[in-house]
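As a plain string of letters, each chain reads:
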Amino acid sequence: AKREGRGTFRLYEPKMDEERLARRALERDLARAVEAGELELFYQPIFDLRTDLVVGFEGLLRWRHARHGLVSPHEFIPIAEETGLIGPIGEWVIQQACHQAANWPASIKVAVNLSPVQFKTGDVMAAVTHALASSGLPAERLELEVTESTLLDAGAVGDILQQVKTLGATIALDDFGTGYASMSSLRSFPFDKIKIDQSFVQEMNSSSGSAAIVYATLDLARRLGIATTAEGVETEEQLGVLRAAGCTTAQGYLIGKPMQAEHIPSFLVQSEVH
Ligand code: C2E
Ligand code: CA
Ligand code: CA
Ligand code: CA
């Protein structure tokens, strides 16, 4: 409403105010979400391509907002990171994942996502140690997923991850290929697994460039002696190509969508794991 003849001002400013207000409201709601019991971990199955067995689940956070319904982590994780709420939320995730996985068959692992911010503001090692001890989950059944930006941001992260590995947990490099320093990330830390980002997997059958990147990543992982998970597998065709190329595990809607913990036992029975 500042200048006549420049309609964009008039239209734009109220919208910005609305967005700011909506954002403030979300921040306030998120601050109470943990205590209000509005956060829930869904679990997506990870499938071994050599044994045809489900070998684990990745925990994926959902926020069941009283008025907005299910809010995507793409929306609220950035807010949690900027406000510092990722600390308590991230600890809740580790705790919840370990306690739920302790009820699953011993052959099934659980993976949790860690934000780079958690390494700066929280004690990841203490959170993991506490969650393992209180749940009784063997450390070997816990995998931590970090993105390469985690390694770029803070110097001590490698040491923390090494401590967690010493406990027996495994570390996966998530979203491989989407950042700026994938290769140097592999050099700077001994990951147990590479997760190939779904953008490459989904273009594999239509783009020879994406296919080349998937094949090269699988070859690289094999030479490094580390496992691979292809993310976002949606078709039998993709699964067949990945299997033939020696990918070790696959994850995606074809195998199973993220599900509530209560559905895991029947999912495992259907997929014939006992
Ligand atoms: P991500 O770790 O790369 O997780 C994979 C995402 O791909 C999930 O989205 C999953 O639902 C989705 N996905 C799985 N299979 C398919 C498929 O076949 N097709 C398609 N189109 N998508 C598929 P989601 O659950 O919305 O999570 C988005 C991102 O939010 C995650 O990406 C992760 O970066 C972050 N996130 C989720 N939970 C947590 C958490 O507990 N802590 C932190 N720090 N980040 C989290
Ligand atoms: Ca992940
Ligand atoms: Ca990923
Ligand atoms: Ca991702």
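Keep in mind that what you see is a predicted model, and the values were worked out from it rather than measured.

Enquirer: Explain the site of ligand 1 here, please?
Expert: Among the 23 residues in the neighbourhood of ligand 1, the closest are listed as Gln44, Leu61, Arg62, Glu234 and Tyr253. Between Asp174 and ligand 1, the recorded distance is 3.1 Å, taken from a side-chain N or O atom to an oxygen atom. Interatomic distance of 3.1 Å between a side-chain N/O atom of Gln198 and an oxygen atom of ligand 1. Here ligand 1 has 800 Å² of accessible area as a free molecule, and 84% of this is covered by the chains.

Enquirer: Looking at this model, I keep getting lost on the layout of surface pockets. Mind explaining?
Expert: Where empty space is left in the structure can be found by rolling a water-sized probe over the atoms. Of the voids in this model, the largest pocket is the one considered here, and its volume is about 1300 Å³. Looking at the largest pocket, it is lined by 44 residues, and the ones nearest its centre are Leu60, His74, Asn113, Asp174 and Asp175. Among the residues making up the lining of the largest pocket, the classes are represented as 16 nonpolar, 17 polar and 11 charged. The space that makes up the second largest pocket amounts to roughly 220 Å³.

Enquirer: Mind showing me how you'd approach the coordination of the calcium ion (ligand 3) here?
Expert: As a benchmark, a tetrahedral metal site with four donors has ideal angles of 109.5 degrees, while an octahedral site with six donors has ideal angles of 90 or 180 degrees. Bound to the calcium ion (ligand 3) on the protein side are Asp174 (OD), Asp175 (OD), Glu231 (OE) and Glu231 (OE), at distances that span 2.2 to 2.4 Å. All donors to the calcium ion (ligand 3) come from one chain, and their sequence spacing reads D-D-x55-E. Of the residues examined, Glu231 reaches a relative accessible area of 11% and is grouped as buried.

Analysis parameters
- Residues numbered from 1 in each chain as written.
- Chains lettered and ligands numbered in written order.
- Predicted model: local features only at pLDDT ≥ 70, side-chain atom pairs only at ≥ 80, totals over all residues.
- Heavy atoms only, no water.
- Near = heavy atom within 4 Å.
- Polar contact = N/O pair within 3.5 Å; in protein donor to acceptor, adjacent residues only side chain to side chain.
- Areas by Shrake-Rupley, 256 points an atom, 1.4 Å probe, with all protein chains shown as cover.
- 1 Å grid on protein atoms, 1.4 Å probe; cavity = no way out; pocket = protein on both sides within 12 Å on 5 of 7 lines; lining within 4 Å.
- Points joined across faces, edges and corners; volume = space filled by probe spheres on them.
- Nonpolar A, V, L, I, M, F, W, Y, C, P; charged D, E, K, R; others polar.
- Donors = N, O, S within 2.8 Å, 3.2 Å for Na, K, Ca; no water.
- Buried < 20%, exposed > 50% of the residue type's maximum accessible area, 1.4 Å probe, protein only.

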